[in-house]
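A structural walkthrough
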Amino acid sequence: MFGVEIKGIGISIPNKKLTNFDLEKIMDTSDEWIYQRTGIKDRYIVEDGISTSDLALQASREALRQAKEVKNIDYIIMATNSPDYIVPATSSVLQGKLGISAGTFDVFSGCTAFAYALIVASSMIKSGLAENILLVGAEAISKYLDWQDRTIAVLLGDGAGSFVLSRTEDKNTGILDHNVGSDGTKFDLIYIPAGGTKEPFSEKSLHEKRIYLKMQGREVFKNVVSLIPQEIKKLLNKNNLETNDINLYVFHQANIRIIEAIRDSLKIDSSRIFSNIEKYANTSSASIPIVFYEAFNKGLIKKGDLILFSAFGAGLTWANILWKL
Ligand SMILES: CC(C)(COP(=O)(O)OP(=O)(O)OC[C@H]1O[C@@H](n2cnc3c(N)ncnc32)[C@H](O)[C@@H]1OP(=O)(O)O)[C@@H](O)C(=O)NCCC(=O)NCCS
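This structure is a prediction, so every number in the text was calculated from the model and none was measured.

1. Focus: the overall build of the protein
Within the protein, the secondary structure is distributed over eleven helices and 13 strands. Computed over the C-alpha atoms, the radius of gyration of the protein is 19 Å, within 12% of the 20 Å expected from 2.2 N^0.38 for a compact globule of 325 residues. Oriented by its inertia axes, the alpha-carbon framework of the protein measures out at about 55 × 45 × 35 Å. When the 325 residues of the protein are sorted by exposure, 46% land in the buried category. Taking as baseline every contact in the protein between residues at least 6 positions apart, the subset at least 24 positions apart corresponds to 78%.

Shown next, in the form of structure tokens:
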């Protein structure tokens, strides 16, 4: 058994900024409504012609530059819900653009995808199956939004974040434990109704806007705030840890009210949470690597710290990961 080290990190944020005031001009919403209910002020979206693999490429180049001593990447694993194509996997497109030889596959499990991919990549490295893995969470999710649907368009943004993960002899570095789950009976709380095999793309689905992401926000909120604190508590108890033994909680950035509800329920000290949802909105599977990157670059975490990654999203899926830096 080996440990897992984060050798490089990188992010990519698109150039085009959309503020809440910009959204007021295109739909019936307000800065006040959005900010009060979500904590979001701005989001960045890709311009025409830019796709998920372009964002992934930029973030990955930065992470690989930082991890310059890493010579071979065994796998490129991509977490995304907004692939360049339905087939092939976007990780293959990214591999072609990077020009490095590696095995590739995508993880496609809602906003939890990066966390799931981190668990998979870590187990491959820990077991000795792989030495170095490039893990990317990237989304051009704005392309799946109906910009007239205020119930979801105000919540999301585009972006990407990459980790270079490498084997280390110190087996107490990296993933220490985790818990995951899914409640597929609630698959339609966040979903794109048409375009898959259940309801193939058609003129009708286009006309009825069933090719765009739909969400029952209130139901998602209720489910998440009751479930996630219990699951985090279970993971901490199992590892004989108290809430404030964790140096930093790296939460999926969906809504500041959700993060605050989890914080209050678990009595987490606010100094142990870093959030950047105000700037980027919910970037789906890119949110965890982006928030980790910013926390790291602000000096909020250092080698030896205990991190708790916590994610939830479409499925409904969730994952909590206890990580030693
Ligand atoms: C989406 C969310 C912000 C909505 O907040 P809410 O307090 O539950 O609001 P509701 O959906 O009950 O809507 C309240 C009112 O605001 C209106 N409304 C909805 N979206 C609006 C918007 N963008 N701007 C202005 N008004 C809006 C609704 O139509 C409703 O009006 P009504 O009272 O006249 O019927 C909140 O439920 C949420 O964040 N849920 C979690 C979503 C999430 O994080 N999903 C991703 C998980 S990965």
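That was the structure; now back to the text.
2. Observations regarding the packing of helix H8 (residues 217–238) against helix H9 (residues 256–266)
The geometry of H8 relative to H9 is characterised by a closest axis approach of 9 Å and an angle of 40° between their N-to-C directions. Considering their axes alone, H8 and H9 lie oblique with respect to each other. You can see that H8 and H9 cross each other, and the crossing is right-handed. Of the residues in H9, those in contact with Phe-221, Val-224, Val-225, Ile-228, Pro-229, Ile-232 and Lys-233 of H8 are Ile-258, Ala-261, Ile-262, Ser-265 and Leu-266.

3. Concerning the sheet that holds strand E7 (residues 159–168)
Strand order in the open sheet made by the five strands is E1-E7-E6-E4-E5, with mixed pairing throughout. This sheet does not close on itself; its edge strands, each paired only once, are strand E1 (3–12) and strand E5 (103–107). Going across the sheet, the axis of each strand differs from the next one's by a mean of 20°, ignoring polarity. Where strand E6 (residues 132–139) lies against E7, eight bridges are found, and the strand directions are antiparallel. Bridge pairing links Glu-139 to Gly-159 in E7. Taken strand by strand, helix H3 (residues 52–66) contacts E1, strand E4 (75–79), E6 and E7, and its axis lies near 125° from that of E1.

4. A short note on the domain arrangement of the protein
Domain annotation of the protein identifies domain 1 (3–172) and domain 2 (175–324). Taking the mean C-alpha position of each, domain 1 and domain 2 sit 14 Å from one another. Listed as interface residues are 46 residues of domain 1 and, on the opposing side, 44 residues of domain 2. Taken together, the elements giving at least two residues each to the side of domain 1 that touches domain 2 come down to E1, helix H2 (31–38), strand E3 (42–45), helix H5 (113–127), E6, helix H6 (150–153) and E7. No other element matches the seven residues that H5 contributes to the side of domain 1 that touches domain 2. When its residues are assigned to classes, the side of domain 1 that touches domain 2 shows 23 nonpolar, 15 polar and eight charged.

5. Things to note about the site of the ligand
The local shell around the ligand holds 18 residues, among which Thr-29, Arg-150, Gly-217, Phe-221 and Ala-254 are the closest. Taken together, the elements giving at least two residues each to the shell around the ligand come down to H2, H6, H8 and strand E12 (306–313). A class-by-class count of the residues in the shell around the ligand yields eight nonpolar, seven polar and three charged. Counting contributing residues per domain, the shell around the ligand is built from domain 1 (3–172) and domain 2 (175–324), each supplying no fewer than three.

6. Some words on the sheet that holds E12
The strand order across the open sheet built from four strands is E8-E13-E12-E11, with neighbouring strands paired in mixed fashion. In the strand order of this sheet, the two ends are held by strand E8 (174–182) and strand E11 (248–251), each with one partner. On average, each strand axis in the sheet is tilted by 15° relative to the strand beside it, whichever way the strands run. In this sheet, E12 lies alongside E11 in parallel orientation, the contact comprising four bridges. Bridging across to E12, Val-250 finds its partner in Phe-309. Sitting on the sheet, H8 touches E8, E12 and strand E13 (317–324), and the angle it makes with E13 is about 35°.

Definitions and cut-offs
Residues numbered from 1 in each chain as written. Predicted model: local features only at pLDDT ≥ 70, side-chain atom pairs only at ≥ 80, totals over all residues. Helix = DSSP H or I, 4+ residues; strand = E, 2+ residues; numbered from the N terminus. Rg over C-alpha atoms; globule rule 2.2 N^0.38 Å. Buried ≥ 20, exposed ≤ 12 C-beta atoms within 10 Å, placed from the backbone. Contact = placed C-beta atoms within 7 Å. Axes fitted to C-alpha atoms, helices over the stretch in contact; angles between N-to-C directions. Parallel < 35°, antiparallel > 145°, perpendicular 65-115°, else oblique. Left-handed = near helix turned anticlockwise from the far one by under 90°. Pairing = 2+ DSSP bridges. Domains from an automatic or database assignment. Nonpolar A, V, L, I, M, F, W, Y, C, P; charged D, E, K, R; others polar. Near = placed C-beta within 6 Å.

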